[in-house]
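So the chains spell out like this:
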Amino acid sequence: MAVICLRFAASMGDPLAWLRQGGLLTILTLLLSPLSVSAADHSGGSAGSSSASTPLDITAERIDYQQEQEIYEANGAVVIRQGGITLTADHATIQALPGILTAIGHVHLTDVQADVTAERLELNVNTEAGIATHGELFIPSRNALVSGQYLQRLSEYHYRVKDGSFTNCDAREGEVPAWRFRFKDVDMTIGDTLAFKGGWFCILDVPTIPLPTFSYPMARRQTGFLIPTPKYNSRFGFGAQAHFFWAISPSQDVTISPSYYNRLGYGSDFEYRYILDRRSRGKWFVSYLQQTQLPDGAGATDGEKSGEQARATVTGTHTQYLTNTLLLRANANLVTDQNFYQQLSNSGVLRALPSAESNLLLSQRLPYGSLYLLGLYLQPLQAGGKDTFQRLPEAGYNLPYVSLFNSPVQYGMEGNYVNFYREDGFSLNRFNLVPGIATEPIHLGHLLAIRPQAKFREVYYTRGAQSEDAQHRETFWLGVDATSKLTRRFALADGGSLLHTMEPTVTYEYVPGTRQSALAQIDQADDLPKKNLVTYMLRSRVLESGTRTAFNWLDLTVAQSYHVGAVQTLAREFTPGVAPFLGSFTQPIQPATVPIQGKKFSDIWMRAVVGNNLPPLSSLSQLDTPIFGQGAQAWALRPPINRYVTMDAFFDPYQLTVSQFNTDLRFQEGTNWYFEVGQRYTKDGNRVRRGDIWNPISFNEVFAPTKEIQFVTMGGGVRTPWGWTFGAKAYYDVKQGRSPELDVVALYQNPCKCWSLGLHYIKFPDREQYGFMLNFTGVGGVGNAEAVLMRTLLNPLVYGERGLPWPAPGGPYGLPPQVSETTGTRPAVQAGR
C-alpha cells in the first residue's frame, strides 16, 4: 500500500478552515492548487515542508508521480483525506497544472454537508466547475437525494442535473422509493430551492402527475405553495383550502390560505408572524368569508341575514419588552358578529366561548412591586350585550409582602383604578385600595407555625347601582393560619426512597358585614359577604424518588369550613364558565338571589392524585420560544407521557351523599398508545362556591340550586405496526342524552416518513365535517382548525417526528432523535439507498 502525505505552503493559509467553509469545492481546490512537495517513495512516507498546516493524505495500492507534467496517478483502493472529508475511488488522477481532478470507479465523497457517489467525477478548480457521470448527491440535513445522468457543479451550493430524479424517501439499494420527481433538467441551490422543467411526480416510479415546471423547497423556510386540503361539510357542502407560504425575511412570514365551500361562500385566511428583535415578536391571524348563503343550523336566528354578507375574525398577539423592566403585551380576539364561531368554527372550544376578550397590557416592574395599565374589551358572543362592562382602562399597583425595617413584620399592598364603560346604561369609576400586614411564621417548637394577617379594603364608586351619588365601602379581613409539616423517608431495596409528607392547616377568617345592595356588582371585588369562618385542610403526599425519576403515589387533600357565626340565607345564581369563582362582566348590576337554608359545616372537599399529571417545566421564556418556520407555531412543550388518576369531589356530611364528583384518568404506554377518560357529576341542589377574594381555600357560601349535571369525555390514540396512528375524543351529556361533539382522526406515515396522509371527522349537533391532508416531507404543514385538532389528539404519540402534516417543532424534518424521544435512533438507511 502506497501512502503520500502532501503539506501546503504557509502562504496558503489554514486549509482546514477552508474545508469547514467550502465542503466539496474546498477539498478539490486544495488538491489542485500549487503544492510544495517533497519526495516520497512508492512504499509510503511523508513529505515534509516548512508549513505546519494540516496535511492532505492520499493512500492507494499504487501511487505514481510524473514530475514533468505534475500529475499524480493513484490506483486501487484510493483514499484521499483532508480533515473531515474523505474521497474514495478505484482510480484518481491529479493534474496540478491545468487544475483537474479525475476520479473513476465507485467514486464516493463525504463531508459534513453532502455525500456524493458517481461512476466518474471530474472537476476544474480554476473555473470552479465540475461534472459527475451517473452521480448521486445526498443532503443529510434534508434527507434529500438527487441523482442524474450528469451532475454539473456550478458553485459551492449550485448544481444542474440532467435526466435525473429527486426524493427524500428512504429506500435500500435496488428498491423503488415511495415517491420521487423525475425530470429532464433541474436547477438546485442547497438551502434554497430545487426547480425543474419537464418533470413528473411518480408514485412507486409510476408517472402520476405531469409537472411542466415545479419548485421544491430545500430550506426550512421557503416561499412556495403548500398542499391544498379538500373538505366536506354536511351543511356547507364540498370545499377546499389552498395554502401559500411567503418567507418575507428571516424574521417575517405570511401564510395565505384561500378557501371555498359550494354551499357557503369563499374567502381566505391570512397569518402573519414576525420578530422585530430579541425583545419583541407577534402573530396575527385574519379569517375572511364572503358568505353567499348560510344553511340552517346552530346559531341561526329568524331575524338574521342569512344570505350574502362579509364576515371575519381577527386574532393575534404581540409581546414586546420596551426596556428590561417595561413589558407591552397585546391580545386581540374580534369577530364581525356574535354568531361567527357558533355557526362557522370547527373548534368546540371557540363554539363554546361566552365572549371574546381583547386586551392591551403595559407592565412596569419596580424594585418594590409593579405598576400596570390595562385596557380590556369583551365582545359578547353567547352572553352579554351592549350593557357589558368594559375595563377602559384599568391602572394598578401591586406590592408583594416585604419586610418592614428588617423586622418579622411584613407589609403588602394592592390598589387599582377602573373605568367601567358600556355602550348602553351608566358607566362608573371605581377606586380599590387594599393594604395588608402580616408576620413571618411564628414557630412554636418544631411542629407548629402561626401566621397572623390583616387587610383593610377601601372601595370608592363614582355612583351606586340605583343612585347617581358617590358610594364607598370600608371593610377589613382578619386571618390567622396554623400550619405544621411532618415528613418521614423510607429506604427501598433498589436504592430509591419513599417520602411521606403530611401538612395540616387550620385558618380562621373574619370579615364584618357591609352593605352591598346599593353597589353595582360587577366583579368579585364588589361582592364582599361577611365571614366568620374556620377552615381546616390536610394534605398528605407519598413520593417515590429514584436516581433519575420520581413518581407520585398519592397526593391527597381534604378541606372543610365551619361557620362560627350565622349561616348563609341568600344565594345568587351560578355563572358557568367564569373565572375566578365569582364575577362576570356581563352579569346584572344586582344579581338575583334566592332564599336557602345554610349549614354550619360546608361540604367536605376531597382531591386525590395518583401519578404524575404535570408537564415538565420549560427552560424557555415566552420571548425565547421559536415562532417562525412552518413548524414553529407548535413550539409548545412535548406532551408528557403521563399515567395518572385524579379525583375531585364534595361530600355532603348532612345527607351523607356526594354533591359533586369529578374524575380524570390517563394512561400512556410510551409512544404506542394512550387512553384518557373524564367524568363530571353535580347533584341537583346548592352548588358549593370554592374560595373568594380573601382566601382561595375556603367554603363560606354556596350558589343557588342548579340542576343535575352528568358529563363524560373519553379519548385516546393508538399506533399500529402498519403506519397508521388513530386518535379520537368524544363528549357525551348523560343527563341530556346527546353528544355535543365527536372527533376522530387518523394519520398514515410511510415507513421512511417521506409522506403522510391525515384524515379527520368532526361531528357537531348541527353538522359533520370530513377532510384529509396530504403532506410530502419538506413542503411543510398547515395550521387550520382541523390540523390543530389532529395535532392535539396525536401529539402524545408522534410529537417531533418527521413529515407531519401540521406545523411541529423542528419543522417538516422533525426534531433530532435525542430530542424527539419517539423513534430513538436515526433511520438505518438513507434516501434512495
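Definitions and cut-offs
- Residues numbered from 1 in each chain as written.
- Predicted model: local features only at pLDDT ≥ 70, side-chain atom pairs only at ≥ 80, totals over all residues.
- Heavy atoms only, no water.
- Helix = DSSP H or I, 4+ residues; strand = E, 2+ residues; numbered from the N terminus.
- Buried < 20%, exposed > 50% of the residue type's maximum accessible area, 1.4 Å probe, protein only.
- Contact = heavy atoms within 4.5 Å.
- Areas by Shrake-Rupley, 256 points an atom, 1.4 Å probe, with all protein chains shown as cover.
- Polar contact = N/O pair within 3.5 Å; in protein donor to acceptor, adjacent residues only side chain to side chain.
- Pairing = 2+ DSSP bridges.
- Salt bridge = Lys/Arg side-chain N within 4 Å of Asp/Glu carboxyl O.
- Disulfide = S-S within 2.5 Å.
- Core = buried A, V, L, I, M, F, W, Y, C linked by side-chain atoms within 4.5 Å.
- Phe/Tyr/Trp six-rings, centres within 6.5 Å; stacked < 30°, edge-to-face > 60°.
- Lys NZ or Arg CZ within 6 Å of the ring centre and 35° of its normal.

Colleague: Pulling in residues and values, what's your account of the overall build of the chain?
Modeller: Each helix and strand counted, the chain has six helices and 45 strands in total. Classification of the 833 residues of the chain by burial places 46% in the buried group. By sequence separation, contacts in the chain at least 24 residues apart represent 55% of the contacts at least 6 residues apart. Just so you have it, the chain exposes about 39900 Å², and 59% of that area is on carbon and sulfur atoms.

Colleague: Describe the side chain of Ser 497, naming the residues involved and giving the relevant values.
Modeller: Topologically, Ser 497 is positioned in strand S30 (residues 497–511). Given a relative accessible area of 11%, Ser 497 falls into the buried group. At 2.9 Å, the side chain of Ser 497 forms a polar contact with the side chain of Arg 489. Among all residues touching Ser 497, those that are not within four sequence positions of it are Arg 489, Phe 490, Ala 491, Leu 492, Leu 543, Glu 544 and Ser 545.

Colleague: Lay out the pairing of S30 in plain terms, naming residues and giving numbers.
Modeller: Of the strand pairs in this sheet, strand S28 (residues 471–483) and S30 are connected by six bridges, and their pairing is antiparallel. Along S30, the bridge assignment pairs Asp 481 with Thr 507. Note: strand S29 (residues 486–491) against S30, six bridges, orientation antiparallel. Across the sheet, Phe 490 pairs through a bridge with Leu 498, a residue of S30. Linking S29 back to S30 in an antiparallel pair, the connection comprises five residues, with Gly 495 at a positive phi of about 100°. Sheet analysis places S30 next to strand S31 (residues 531–545), joined by 15 bridges and oriented antiparallel.

Colleague: Outline the pattern of salt bridges, supporting the account with residue identities and numerical values.
Modeller: Under the defined criterion, the tally for this structure stands at 28 salt bridges. Between Asp 555 and Arg 539 there is a salt bridge whose closest N-O contact spans 2.7 Å. Of the two residues, Asp 555 is situated in strand S32 (residues 550–563) and Arg 539 in strand S31; the sequence distance between them amounts to 16 residues. Judged by its relative accessible area of 14%, Asp 555 is buried. The partner of Glu 676 in a salt bridge is Arg 666, with the nearest N and O atoms 3.1 Å apart. With Glu 676 in strand S38 (residues 673–682) and Arg 666 in strand S37 (residues 657–669), this residue pair connects regions lying ten residues apart in the sequence. Residue class for Arg 666 comes out buried when judged on its relative accessible area of 8%. Within the structure, one salt-bridge network assembled from shared partners comprises Arg 391, Glu 394, Arg 430, Asp 523 and Asp 526.

Colleague: Kindly report on the pairing of strand S9 (residues 144–153), identifying the contributing residues and their values.
Modeller: Of all the ten residues making up S9, seven are buried; the element is thus mostly covered by neighbouring parts of the structure. Relative to S9, strand S8 (residues 129–139) is paired through nine bridges, and the arrangement is antiparallel. Directly across from Leu 137, in S9, lies its bridge partner Val 146. Pairing between S9 and strand S10 (residues 158–167): eight bridges, direction antiparallel. The residue of S10 that forms the bridge with Leu 145 is Thr 167.

Colleague: Which residues make up the state of the cysteines, and what values do they have?
Modeller: Between two cysteines, a covalent bond joining their sulfur atoms is known as a disulfide. A complete count under the given rule lists one disulfide for this structure. The closest cysteine sulfur to the non-disulfide-bonded Cys 752 is located on Cys 754, 3.2 Å from its own sulfur.

Colleague: Give a description of unusual backbone geometry that names residues and reports values.
Modeller: At the junction of Leu 392 and Pro 393, the peptide bond is cis and its omega measures out at -5° in the coordinates. Looking at the secondary structure, you find Pro 393 in strand S23 (residues 390–403). The residue Leu 656 is not glycine, and still its phi comes out positive at about 55°. Residue placement: Leu 656 occurs in the loop between strand S36 (643–652) and S37.

Colleague: Residues and numbers for the nonpolar core, please.
Modeller: Counting residues in hydrophobic clusters, the biggest one holds 43 residues, and the most contacted among them are Leu 137, Phe 166, Trp 179, Phe 181 and Leu 194. Take this core: its biggest share by element is five residues, from strand S11 (residues 179–189). Core analysis: the next-biggest nonpolar cluster, separate from the first, contains 20 residues, Tyr 674, Leu 747, Leu 789 and Val 798 among them.

Colleague: How would you sum up the packing of aromatic side chains? Please name residues and give values.
Modeller: All told, the structure shown has 28 aromatic pairs when counted by the stated rule. A cation sits over an aromatic face here: Arg 451 above Tyr 401, 5.5 Å from the ring centre.

Colleague: An account of the environment of Glu 509 is requested, with residue identities and associated values reported.
Modeller: Locating Glu 509 in the fold gives a position in strand S30. Between the C-alpha atom of Glu 509 and that of Lys 531, which follows or precedes it by 22 residues, the distance is 6.6 Å. If we ignore the near neighbours within four places in the chain, the residues touching Glu 509 are Trp 477, Leu 478, Gly 479, Lys 531, Asn 532, Leu 533, Thr 535, Trp 694, Asn 695 and Ser 698. A polar side-chain atom of Glu 509 sits 3.2 Å from a polar atom in the side chain of Trp 477.

Colleague: Tell me what's going on with the environment of Asp 253, and back it up with residues and numbers.
Modeller: Locating Asp 253 in the fold gives a position in strand S16 (residues 252–261). Among the residues examined, Asp 253 registers a relative accessible area of 0% and is labelled buried. Along the primary structure Asp 253 and Tyr 274 are separated by 21 residues, whereas in three dimensions their C-alpha atoms are 6.6 Å apart.

Colleague: For the side chain of Ser 345, give the residues involved together with the corresponding values.
Modeller: Within the secondary structure, Ser 345 is located in the loop between helix H3 (340–344) and helix H4 (348–351). Classification of Ser 345 as buried rests on a relative accessible area of 10%. In terms of polar contacts, Ser 345 uses its side chain to reach the backbone amide nitrogen of Ser 347, at 3.0 Å. Setting aside residues no more than four positions away along its own chain, Ser 345 makes contact with Phe 340, Leu 350, Arg 351, Phe 764 and Arg 767.

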